[in-house]
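Close look at the chain arrangement
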Amino acid sequence: MSRKKIIAGNWKMNKTPSETAVFIKELSDKVNQTNDIIICAVPYVCIPAALKASKRSRIKIAAQNMHYEDNGAYTGEISANMLLDLGVKYVIIGHSERRQYFNETDITVNKKVLKALKSGLKPIICVGESLEQREMGVTSDYVRYQVAYALNGVSVEDLKNIIIAYEPIWAIGTGKTASNEQANDVCKTIREALVEKYGRRAANATYIQYGGSVNTKNAKDLFGMSDIDGGLVGGASLKTEDFDKIVNYNK
Ligand code: 13P
């Protein structure tokens, strides 16, 4: 079963709506030759500008978070329906920065995943171990646990609509990339966990990305590994020339 690559930029808290419009226009011209799936996950307030600027391009727009309730007294939050109404198709859920700084837990991640799927959004679910966990030798167990929790109640039909991003916390924004083998081993572990729950066929059809200091130099080798289906790119997705090179990694 051959999977395309899904290459997503996670802008985090960077760029204004005006900068977004310019950036996406510039990027669109550069990435229109690829057959892979290209996503930019932009700040909420940049979504309208990003959607407008990407209209005639291959670039898809994602949100970086959402709430699991439909509506109500949740000051500062955004619902799945609000994103869908704008035309958003993808949403990052459970990024380690949300888990670390904003009290995101496995429970809220699972609630958000179920809500996203029910609403028709495709969640990009982030998992990954800390340096301490890696050094203790519990990476596989921990990541399997995170995946099992996030996918609690997700049917085999819904599995088609999810993307998993393996992002070791120690590799995020540090310039320390996991080696190709380290990254691939964990992505393989995740796929084996999916095989146990959903069967080989469904697991082989699921996209599993790697994220953590992906750059113009390491993208090609990482994306060439057997179980890595593209990347979730932070810092290097903020410059058109770098993201262009990552998207066109095989040229
Ligand atoms: P960096 O590529 O900046 O390490 O960030 C990775 C990330 O957190 C993507 O979600």
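Let me begin by describing the structure that accompanies this report. Note that the structure is predicted; figures quoted are calculated from it, not measured.

**Topic: the side chain of Asn218**
Along the chain, Asn218 falls in the loop between β7 (207-211) and α11 (219-223). Polar contacts involving the side chain of Asn218 include one to the main-chain carbonyl oxygen of Ser213, which spans 3.0 Å. Beyond its immediate chain neighbours, meaning those up to four positions away, Asn218 contacts Thr177 and Ser213.

**What about the site of the ligand?**
Around the ligand, the neighbouring residues are Asn10, Lys12, His95, Glu167, Ala171, Ile172, Gly173, Gly212, Ser213, Leu232, Gly234 and Gly235. Gly234 places a main-chain nitrogen or oxygen 2.9 Å from an oxygen atom of the ligand. Measuring from an oxygen atom of the ligand, one finds a backbone N or O atom of Gly235 at 2.8 Å. When the ligand sits alone it has 310 Å² of accessible area, and the protein chains cover 95% of it.

**Focus on helix α7 (residues 139-150)**
Taking 1.5 Å of rise per residue, twelve residues should cover 16 Å, and α7 covers 16 Å from first to last C-alpha, within 8% of that figure. Residues of α7 that are buried include every one of Thr139, Val143, Gln146, Val147 and Ala150, and no others. Viewed end-on, α7 has its buried residues packed into an arc of 95 degrees, placing them on one side of the element. On the buried face of α7, the contacting elements are α4 (96-101), α5 (106-119), β5 (122-127), α6 (131-136), β6 (163-166) and α9 (180-198).

**What about the environment of Ile39?**
With respect to the secondary-structure elements, Ile39 resides in strand β2 (residues 37-41). Considered as a pair, Ile39 and Leu121 are 82 residues apart in the sequence and their alpha carbons are 14 Å apart. When sequence neighbours within four positions are dropped, the list of residues in contact with Ile39 reads Ile6, Ile7, Ala8, Gly9, Lys60, Ala62, Tyr90, Ile124 and Phe243.

**Here we look at the packing of α5 against α7**
It is the contact of α5 with α7, at a shortest axis distance of 8 Å, that shows an interaxial angle of 45 degrees. Comparing their axes, α7 and α5 come out oblique. Mapping the contact onto sequence places Asp106, Ile107, Val109, Asn110 and Val113 in α5 and Tyr145, Gln146, Tyr149 and Ala150 in α7. When the residues that make up the contact of α5 with α7 are grouped by side-chain class, the tally is six nonpolar, two polar and one charged.

**What about the packing of helix α1 (residues 17-31) against helix α12 (residues 240-247)?**
In the contact formed by α1 and α12, the axes pass within 10 Å of each other and the chain directions differ by 30 degrees. Here α1 is positioned roughly parallel relative to α12, judged by the angle of their axes. Crossing handedness for the pair α1 and α12: right-handed. Residue-level inspection shows Phe23, Glu26, Leu27, Lys30 and Val31 of α1 in contact with α12, the latter providing Thr240, Phe243, Asp244 and Val247. The class makeup of the residues in the contact of α1 with α12 is five nonpolar, one polar and three charged.

**Digging into the state of the cysteines**
Under the defined criterion, the tally for this structure stands at zero disulfides. Here Cys46 stays unpaired: no disulfide links it, and the sulfur of Cys40, its closest cysteine neighbor, is 11 Å away. Look at Cys46 and you get buried, because its relative accessible area is 0%. Cysteine Cys187 shares no disulfide, and the gap to the nearest cysteine sulfur, in Cys126, comes to 12 Å.

**Quick word on the sheet that holds β6**
Reading around the circumference, β1-β2-β3-β4-β5-β6-β7-β8 is the order of the eight strands in this closed barrel, with parallel pairing throughout. Pairs of neighbouring strands in the sheet enclose a mean axial angle of 25 degrees, with direction left out of account. Two elements, strand β4 (residues 90-93) and β5, share four bridges in a ladder whose sense is parallel. Each residue of the ladder has a partner; that of Ile93, found in β5, is Ile125. Those strands touched by α12 are β1 (6-10), β2 and β8 (230-233), and its axis lies near 160 degrees from that of β1.

How each quantity is defined
- Residues numbered from 1 in each chain as written.
- Predicted model: local features only at pLDDT ≥ 70, side-chain atom pairs only at ≥ 80, totals over all residues.
- Heavy atoms only, no water.
- Helix = DSSP H or I, 4+ residues; strand = E, 2+ residues; numbered from the N terminus.
- Polar contact = N/O pair within 3.5 Å; in protein donor to acceptor, adjacent residues only side chain to side chain.
- Contact = heavy atoms within 4.5 Å.
- Near = heavy atom within 4 Å.
- Areas by Shrake-Rupley, 256 points an atom, 1.4 Å probe, with all protein chains shown as cover.
- Expected span 1.5 Å × (residues − 1).
- Buried < 20%, exposed > 50% of the residue type's maximum accessible area, 1.4 Å probe, protein only.
- Arc of directions from axis to C-beta.
- Axes fitted to C-alpha atoms, helices over the stretch in contact; angles between N-to-C directions.
- Parallel < 35°, antiparallel > 145°, perpendicular 65-115°, else oblique.
- Nonpolar A, V, L, I, M, F, W, Y, C, P; charged D, E, K, R; others polar.
- Left-handed = near helix turned anticlockwise from the far one by under 90°.
- Disulfide = S-S within 2.5 Å.
- Pairing = 2+ DSSP bridges.

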